[in-house]
Amino acid sequence: MLNTDTEVRNTRYAADDLRRLRGLLDAAGEIAIVAHYNPDGDAIGSSLGLAHVLRSAGYQVKVVLPNVAAGNLHWMPGHADILYLDQRPDEALRTVRECGLLFCLDFNRTDRVGKLEDALKAAAVKVLIDHHQEPEAFAAVSFSDTSACATCQMVFDIVSDLGLDAHITRDAAVCLYTGLVTDTGSFRFPATTPHTMRVAAQLMERGVQVASVHNAIMDDNTIDRLKLLGFTLNERMTVYPELATTVIVLSRTDLEQFNFRPGDTEGFVNYGLSIRGIRMCAFFVERPDMVKVSLRSKGTLPVDRLVKAHFNGGGHHNAAGGQTPEPLATAVDRFMALLPSFMEQHPA
Ligand code: 5GP
Ligand code: MN
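Keep in mind it's a predicted model, so treat the numbers as computed, not measured.

Reading guide: rules and limits
Residues numbered from 1 in each chain as written. Chains lettered and ligands numbered in written order. Predicted model: local features only at pLDDT ≥ 70, side-chain atom pairs only at ≥ 80, totals over all residues. Heavy atoms only, no water. Helix = DSSP H or I, 4+ residues; strand = E, 2+ residues; numbered from the N terminus. Rg over C-alpha atoms; globule rule 2.2 N^0.38 Å. Buried < 20%, exposed > 50% of the residue type's maximum accessible area, 1.4 Å probe, protein only. Areas by Shrake-Rupley, 256 points an atom, 1.4 Å probe, with all protein chains shown as cover. Pairing = 2+ DSSP bridges. Contact = heavy atoms within 4.5 Å. Axes fitted to C-alpha atoms, helices over the stretch in contact; angles between N-to-C directions. Near = heavy atom within 4 Å. Polar contact = N/O pair within 3.5 Å; in protein donor to acceptor, adjacent residues only side chain to side chain. Nonpolar A, V, L, I, M, F, W, Y, C, P; charged D, E, K, R; others polar. Donors = N, O, S within 2.8 Å, 3.2 Å for Na, K, Ca; no water. Domains from an automatic or database assignment. Buried area = accessible area lost by both parts, 1.4 Å probe. Salt bridge = Lys/Arg side-chain N within 4 Å of Asp/Glu carboxyl O.

## What about the overall build of the protein?
Along the backbone of the protein there are 13 helices and twelve strands. The C-alpha atoms of the protein give a radius of gyration of 20 Å, which matches the 20 Å a tight globule of 348 residues would have. Looking at the protein as a whole, 50% of its 348 residues qualify as buried. When the accessible surface of the protein is split by element, carbon and sulfur atoms take 50% of a total near 15,900 Å².

And the structure:
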């Protein structure tokens, strides 16, 4: 449709949504921002990035997250001010419940925020900014773009569309850049576009030192984590060439042997996918209350469909996750039984 409103011409997002968001911001008192459970670089980066922008523009903003992020994200500017539900439950719940405007970043369903879910549902006005498939309709305004490589890219575009780009400070830029790096696998996954690179370039122009961001995220291994990786690849990875699939399985005992800390298995699934001729990697890890399943694929194999149908989850075409209450071995057996027909339905 031809957009005749000169004020919002050339925006990436719909003029109506932007206008409504602007109205909500004008009326907002205290603003809160939430992102998903086990926040990754994009969840934290988009939350802190947006918080920095809005604070610079004069708004009162708090970031609330369901649980503490992996240690390699704690260096991010503004991290110390995050209200973590598992550390300050009362303040976190109250902030979400009572804020005037709640931004919901990098998740598509209310159950993705863990024990913040009821408070989120109670919050008066919600704005969704997210790039996952099939978002639930729970927000007053929804910016959903499944083609975007990262929520951080969407936040950059929306802030620019709103005319707030002067408030993308260096701290904001560093946070947004972090989410671009982590969600694109350092600008290599297929959702990386020329626009992604232009956004990254503009963030660099605002003072991001790319080497130091990369170093802070990637070169922060503990010896335990590297040894767990070695053990995993050696002892817990099975390759099924005829099914073009790799399966990695880690038990609680395995993790405890290497003094597991949250985030330690991040990225392991990608090693399984990096093997020549392999189209999918499935990673099963035993958590205290459930088995977590992570799937990654190459090309046209829609792993989000498999987890959605069988493992109570979702995600993207090539990267999805879910969970199951059954024992670890049962979950793996069930997956193996499903695998041949799934691969047959989606030939290379
Ligand atoms: P990961 O395997 O790294 O946990 O997640 C891969 C992708 O799947 C992410 O985009 C994540 O948001 C999504 N995802 C992971 N776990 C779940 C889940 O339990 N439910 C849903 N709906 N999506 C998930
Ligand atoms: Mn994301």
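Here the narrative resumes.
## Quick notes on the sheet that holds strand 1 (residues 30–35)
Judged by pairing direction, the sheet is parallel, and its six strands sit side by side in the order 3-2-1-4-5-6 without closing on themselves. The open sheet has two free edges, formed respectively by strand 3 (83–84) and strand 6 (141–144), since each of these has just one partner strand. As defined by bridge partners, strand 1 adjoins strand 2 (residues 60–65) across five bridges and the pair is classed as parallel. Along strand 2, the bridge assignment pairs Ile-33 with Val-63. The strands touched by helix 1 (residues 15–27) are strand 1, strand 4 (101–105), strand 5 (126–130) and strand 6; relative to strand 6, the strand with the most contacts, the crossing angle is about 130°. Lying over the sheet, helix 5 (residues 151–161) contacts strand 4, strand 5 and strand 6, oriented at roughly 120° with respect to strand 5.

## Topic: the site of ligand 1
Lining the immediate environment of ligand 1, one finds 14 residues, of which His-132, Lys-292, Ser-294, Arg-296 and His-316 sit closest. Arg-112 places a polar side-chain atom, nitrogen or oxygen, 3.1 Å from an oxygen atom of ligand 1. Gln-323 places a polar side-chain atom, nitrogen or oxygen, 3.4 Å from an oxygen atom of ligand 1. Starting from 490 Å² of accessible surface for ligand 1 in isolation, the protein chains cover 84%. Those elements that provide at least two residues to the shell around ligand 1 are strand 10 (291–297), strand 11 (314–315) and strand 12 (319–324). When residues in the shell around ligand 1 are grouped by element, the largest group, five residues, is from strand 12. When the residues that make up the shell around ligand 1 are grouped by side-chain class, the tally is two nonpolar, nine polar and three charged.

## A few points about the coordination of the manganese ion (ligand 2)
For the manganese ion (ligand 2), the full set of protein donor atoms is Asp-42 (OD), Asp-106 (OD), His-131 (NE2) and Asp-183 (OD), and the range of their distances to it is 2.2 to 2.4 Å. Binding-site remark: the manganese ion (ligand 2) is held by donors from one chain whose sequence spacing is D-x63-D-x24-H-x51-D. Taken as a pair, Asp-106 in the loop between strand 4 and helix 4 (117–122) and His-131 in the loop between strand 5 and strand 6 lie far apart in primary sequence, 25 residues in all. Both residues of the pair, Asp-106 and His-131, belong to the buried class.

## A word on the domain arrangement of the protein
If you check the domain split of the protein, you get domain 1 (15–218) and domain 2 (223–345). Each of domain 1 and domain 2 has a C-alpha centre, and the two are 27 Å apart. Taken together, the contact between domain 1 and domain 2 spans seven residues of the former and nine residues of the latter. When domain 1 packs against domain 2, the two sides together hide about 710 Å² of surface, and 42% of this comes from carbon and sulfur. Where domain 1 touches domain 2, the interface holds one salt bridge. Ionic pairing is found between Lys-308 and Glu-134, a salt bridge with its closest N-O pair at 2.3 Å.

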